Amino acid sequence: MIEIRFEGTRAAAYDGGTRVGECDFSADGRIWTVYHTEVDAAYGGQGIARRLVKCVAEQAARSGAKIKAACSFVAREFERRPEEYADVRL
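One structure accompanies this document, and this report is about it. On a predicted model such as this, the values are computed, not experimentally measured, just so you know.

1. Thoughts on the overall build of the chain
Then, in step 1: Per the secondary structure count, the chain includes three helices and five strands.
Then, in step 2: Whereas a compact globule of 90 residues would reach a radius of gyration of roughly 12 Å, the chain reaches 12 Å, a difference of no more than 12%.
Then, in step 3: Along the first, second and third principal axes, the C-alpha atoms of the chain reach 30 × 25 × 20 Å.
Then, in step 4: A fraction of 44% describes how many contacts in the chain between residues 6 or more apart in sequence connect residues 24 or more apart.
Then, in step 5: Taken as a whole, the chain presents about 5100 Å² of accessible surface, with 46% of it coming from carbon and sulfur.
Then, in step 6: Charge-centre separation for the chain: the mean point of 14 positive side chains lies 4 Å from the mean point of 14 negative side chains.

And the structure:
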């Protein structure tokens, strides 16, 4: 089972002790710029990237931050599910 963890300025996906994906951001005050999302090709098609973005968004909401989508995957997720990210989307 894939575990998603929030680790400072990223959400990371782990299969046991092996990191298989991440969603990275930089923080400037309450603006978080998500600039990279990647999942190991062997784990593609399992919805891991979406879970990573959701993890970052949930943490941003808890922190009162807004997310700027500099990553194309995150931008597409925001467009596909506007209601899900309305509270954090910049």
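2. Comments concerning the nonpolar core
Then, in step 1: Judged by nonpolar contacts, the single largest core of 26 residues is most densely connected at Val34, Val56 and Ile67.
Then, in step 2: Those elements that place two or more of their residues in this core are β1 (2-6), β2 (10-15), β3 (18-28), β4 (31-39), α1 (48-63) and α2 (72-80).
Then, in step 3: Aside from chain neighbours lying at most four places away, what touches Val34 is Cys23, Asp24, Phe25, Val56, Ile67, Lys68, Ala69, Ala70, Cys71 and Val74.

3. Comments concerning the side chain of Glu77
Then, in step 1: Following the sequence through the fold, Glu77 ends up in helix α2.
Then, in step 2: Owing to a relative accessible area of 2%, Glu77 belongs among the buried residues under this scheme.
Then, in step 3: Here the side chain of Glu77 touches Arg50 through a polar contact of 3.4 Å, side chain to side chain.
Then, in step 4: Ignoring sequence-local partners within four residues, the contact set of Glu77 consists of Arg50 and Tyr85.

4. With respect to the packing of aromatic side chains
Then, in step 1: Scanning all chains against the criterion turns up four aromatic pairs.
Then, in step 2: Relative to Trp32, the ring of Phe25 has its centre 4.3 Å away and its plane inclined at 15 degrees; by these criteria the two rings are stacked. We note that Phe25, like Trp32, is buried.
Then, in step 3: Centre to centre, the rings of Phe78 and Tyr85 are 5.0 Å apart; their planes meet at 40 degrees, and the pair counts as tilted. Each member of the pair, Phe78 as well as Tyr85, carries the same accessibility label: buried.
Then, in step 4: Here the aromatic residues Phe6, Phe25 and Trp32 are joined through ring pairs into a cluster of three or more.
Then, in step 5: Note that Arg5 overlies the ring of Tyr14, its terminal NZ or CZ placed 4.0 Å from the centroid.

5. Side note on α1
Then, in step 1: End to end, α1 covers 23 Å across 16 residues, agreeing with the expected 22 Å (1.5 Å per residue, within 8%).
Then, in step 2: Residues of α1 that are buried include every one of Ile48, Ala49, Leu52, Val53, Cys55, Val56, Ala57 and Ala60, and no others.
Then, in step 3: Count one or two residues on from α1 and you reach Gly64, which has phi positive near 75 degrees.

6. Quick notes on the environment of Phe6
Then, in step 1: Looking at where Phe6 falls in the secondary structure, it is placed in strand β1.
Then, in step 2: A C-alpha to C-alpha distance of 7.2 Å links Phe6 and Val56, two positions 50 residues apart in sequence.
Then, in step 3: In this structure Phe6 touches Ala11, Phe25, Trp32, Cys55 and Gln59, once residues within four positions along its chain are discounted.

Cut-offs applied
Residues numbered from 1 in each chain as written. Predicted model: local features only at pLDDT ≥ 70, side-chain atom pairs only at ≥ 80, totals over all residues. Heavy atoms only, no water. Helix = DSSP H or I, 4+ residues; strand = E, 2+ residues; numbered from the N terminus. Rg over C-alpha atoms; globule rule 2.2 N^0.38 Å. Contact = heavy atoms within 4.5 Å. Areas by Shrake-Rupley, 256 points an atom, 1.4 Å probe, with all protein chains shown as cover. Lys, Arg positive; Asp, Glu negative; His and termini not counted. Charge placed at Lys NZ, Arg CZ, Asp CG, Glu CD. Core = buried A, V, L, I, M, F, W, Y, C linked by side-chain atoms within 4.5 Å. Buried < 20%, exposed > 50% of the residue type's maximum accessible area, 1.4 Å probe, protein only. Polar contact = N/O pair within 3.5 Å; in protein donor to acceptor, adjacent residues only side chain to side chain. Phe/Tyr/Trp six-rings, centres within 6.5 Å; stacked < 30°, edge-to-face > 60°. Lys NZ or Arg CZ within 6 Å of the ring centre and 35° of its normal. Expected span 1.5 Å × (residues − 1).

Just geometry here; none of it tells us what the structure is for.
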